[in-house]
Amino acid sequence: MLSTMKNIFFLFVLILTIGCKNKKKDNSIKNNSFKSVEINQQAQEIKYVTAKSGLVYRNKPKGEKLGKFEFNEKIIIDKHTNIFQEIKDENKIIKGKWVSVKLENSIVYVFDGFLSDTKLRLL
């Protein structure tokens, strides 16, 4: 009888130990999948300029002006920053953040409040 109870106790401890190890594995899987979601957010995205007068690109967020993308010009977003801004445009408040954009062989920054997933038509 005592031997049977020891075996049951041992089996119980073994099951608990294995269960705890599996939970740790599940957490690491969840964390790894979260990291892949972050990577996907940094994946390249195609956007189009919606500012009728064009969209200024800069050397860094809110930095020195380097040039301008034309209305409806296709651009490729490289990464999203955590730098948010509100801009007043024709009595409207445009909210957005700064993103890095590939321009030939360099990276420049634009305000994404003037970007769209599709080209726009001028009225």
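Only a predicted model underlies this, so the values are computations on that prediction, with no experimental measurement involved.

For the confidence of the model for the protein chain, give the residues involved together with the corresponding values.
Interpreting fine coordinate detail is not advised for predicted regions of low pLDDT. Averaged over the protein chain, the pLDDT score is 78; the fraction of residues at 70 or greater is 64%. Low pLDDT, under 50, characterises residues 22-41; the stretch is placed with one contact to residues that sit more than four places away or in other chains.

Let's hear about the pairing of strand β2 (residues 55-58): which residues, and what values?
Two elements, β2 and strand β3 (residues 65-69), share four bridges in a ladder whose sense is antiparallel. Within the sheet, the bridge partner assigned to Val56 lies in β3 and is Lys68. Counting the residues that bridge the hairpin from β2 to β3 gives six residues, and of these Lys62 lies at a positive phi of roughly 60°.

Kindly report on the nonpolar core, identifying the contributing residues and their values.
Grouped together as the largest cluster of nonpolar side chains are 16 residues, with contacts concentrated most on Val49, Phe69, Ile75, Val101, Val110 and Leu115. Tallying contributions element by element places strand β5 (residues 92-103) first for this core, with four residues.

Here is what the cut-offs are and how they apply
- Residues numbered from 1 in each chain as written.
- Predicted model: local features only at pLDDT ≥ 70, side-chain atom pairs only at ≥ 80, totals over all residues.
- Heavy atoms only, no water.
- pLDDT = per-residue confidence, 0-100.
- Contact = heavy atoms within 4.5 Å.
- Pairing = 2+ DSSP bridges.
- Helix = DSSP H or I, 4+ residues; strand = E, 2+ residues; numbered from the N terminus.
- Core = buried A, V, L, I, M, F, W, Y, C linked by side-chain atoms within 4.5 Å.
- Buried < 20%, exposed > 50% of the residue type's maximum accessible area, 1.4 Å probe, protein only.

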